[in-house]
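Letter by letter, the chains look like this.
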Amino acid sequence: MTWMGRLLSSAGIGAARVDTLLGKDHYQPGETIDAKVMLYAGRVDQRIDGIHFSVHSQIGRKEQAEIAHCTLAEGILLKAHSVLELPVKLALPEFTPITAGPIESWLNTGLDIPKAIDPTDTDKIHIVPTATQQAVLDALESLGLVHCGVEIEPLPAQSRLGMPFLQRWQYRPAPDCPLTAVASLSVAWRPQLAGLELLLDHKSPSGQDSNQTLMVRDDQGSKLKAQLRNLLSSQELGD
């Protein structure tokens, strides 16, 4: 089946009901959500002033950000006993954070309806890495680095990175890791036209902090491990 039929959003509209269905249960950053919003009328005609579809992400313990939104419809008259299907396409930004640890994203279906019983509903969506992002995570693990946390770092509006936040992945070396001058490592990425700009912040056993960048093209996954090893090893020589 093209549509999994997973019920993601449901809210009461008096005697009517609205459901949002997705074709799959996971998405990558930059991918377009393709959904169906189903309106099931009750026993009487009802006016819907607006239906809004949005994606939000957790960026702190008590903070969240809306990262994408669209208005599905405005001024709809839902006839009694009718069913109305509205297609919606919503592009996720390239900086959408990956679902990991405490980091999660969700869909909101908002309903502008007078005297609505429950005008909004929230359902989680699973964001998985792109092929290039996964290649970075795999290369770090293959170098003997152990993932030990992930967090969102909000950025100021004037940041040169042109994004509202960075997702930072924290690593520590395993006992057999060959990168002996790396005591801890923080990795973030900025999407580029055909790849990623990696932002690497690492600390040496002596406490010295270092910052490096690495451009990763979408087609160089097989070379990435060697590039990262050489970059971090060159820092050892500098220490």
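Residues numbered from 1 in each chain as written. Predicted model: local features only at pLDDT ≥ 70, side-chain atom pairs only at ≥ 80, totals over all residues. Heavy atoms only, no water.

### Looking at the layout of surface pockets
To keep it simple, the criterion reads: Whether a set of points on the 1 Å grid over the protein atoms alone is a cavity depends on a 1.4 Å probe fitting there but being unable to get out, while an open set qualifies as a pocket with protein on both sides within 12 Å along at least five of seven lines; lining residues are those with an atom within 4 Å of a point. Grid points are joined across faces, edges and corners, and a volume is the space filled by probe spheres set on the points. Helix and strand labels come from DSSP, where a helix needs a run of H or I of at least four residues and a strand needs a run of E of at least two; each type is numbered from the N terminus. Classification used: nonpolar for Ala, Val, Leu, Ile, Met, Phe, Trp, Tyr, Cys and Pro, charged for Asp, Glu, Lys and Arg, polar for all others including Gly.
What the largest pocket holds in volume is close to 160 Å³. Lining of the largest pocket is provided by Pro-29, Glu-94, Thr-130, Thr-132, Gln-133, Pro-191, Gln-192, Leu-193, Ala-194, Gly-195, Leu-196 and Asp-218. Among the secondary structure elements, those contributing two or more residues to the lining of the largest pocket are helix H1 (131-142), strand E12 (184-192) and strand E13 (195-203). Classifying every residue of the lining of the largest pocket by side-chain character gives five nonpolar, five polar and two charged.

### Section: unusual backbone geometry
Even without being a glycine, His-81 presents a positive backbone phi close to 65°. Its location among the elements puts His-81 in the loop between strand E6 (64-78) and strand E7 (83-91).

### Things to note about the pairing of strand E14 (residues 209-217)
What counts here: The rule is simple: take the accessible area with a 1.4 Å probe, protein chains only, and divide by the maximum for that residue type; under 20% is buried, over 50% is exposed, in between is partly exposed. At least two bridges found by DSSP between two strands are what make those strands a pair.
Of the two faces of E14, only one is covered, namely that formed by Ser-210, Gln-212, Leu-214 and Val-216; the face formed by Asp-209, Asn-211, Thr-213, Met-215 and Arg-217 stays uncovered. Pairing geometry for E13 and E14, over nine bridges, is antiparallel. When the bridges of E14 are listed, Gly-195 appears paired with Arg-217. Between E13 and E14, which pair antiparallel one after the other, the connecting turn spans five residues, and Gly-207 there sits at a positive phi close to 95°.

### A short note on the packing of aromatic side chains
Describing an aromatic ring pair means giving the distance of the ring centres and the angle of the ring planes. Defined as follows: Put simply, two rings from Phe, Tyr or Trp (the six-membered ring, in Trp's case) pair if the centres are within 6.5 Å, and we call them stacked under 30 degrees between planes, edge-to-face over 60, tilted for the rest.
Under the criterion given, the structure shown has two aromatic pairs. Ring centres of Phe-95 and Phe-165 lie 5.6 Å apart, and the angle between their planes is 90°; on these two criteria the pair is classed as edge-to-face. With a gap of 70 residues between them, Phe-95 in the loop between E7 and strand E8 (105-112) and Phe-165 in strand E11 (residues 165-173) connect regions that are remote in the sequence. Since its relative accessible area comes to 2%, Phe-165 is described here as buried.

### A look at the sheet that holds strand E10 (residues 145-154)
What counts here: Fitting a line to C-alpha atoms yields each axis, with helices limited to the stretch in contact; the angle taken between N-to-C directions then spans 0 to 180 degrees. In this description, contact between two residues means that some pair of their heavy atoms is separated by no more than 4.5 Å.
The strand order across the open sheet formed by five strands is E10-E11-E12-E13-E14, and the pairing between neighbours is antiparallel. Each having just a single partner strand, E10 and E14 make up the two edges of the open sheet. Looking at each pair of strands side by side, their axes are set apart by 25° on average, direction ignored. Of the strands in this sheet, E10, E11, E12, E13 and E14 are in contact with H1, which crosses E12 at around 165°.

### Thoughts on the pairing of E6
Pairing of strand E5 (residues 46-58) with E6 involves twelve bridges; the strand directions are antiparallel. Considered in E6, the bridge of Gln-46 is made with Leu-78. With antiparallel pairing between neighbouring strands as the criterion, E5 and E6 make up a hairpin whose turn holds five residues.

### Some remarks on empty space enclosed by the protein
Enumeration over the complete set of coordinates arrives at one cavity of 30 Å³ or more. In this structure, the largest cavity occupies an estimated 50 Å³ of space. For the largest cavity, the full set of lining residues is Phe-95, Thr-96, Met-163, Phe-165, Leu-166, Gln-167, Trp-189 and Pro-191. Secondary-structure elements contributing two or more residues to the lining of the largest cavity are E11 and E12. Ranked by the residues each element gives to the lining of the largest cavity, the list is headed by E11, at three residues. The class makeup of the residues in the lining of the largest cavity is six nonpolar, two polar and no charged.

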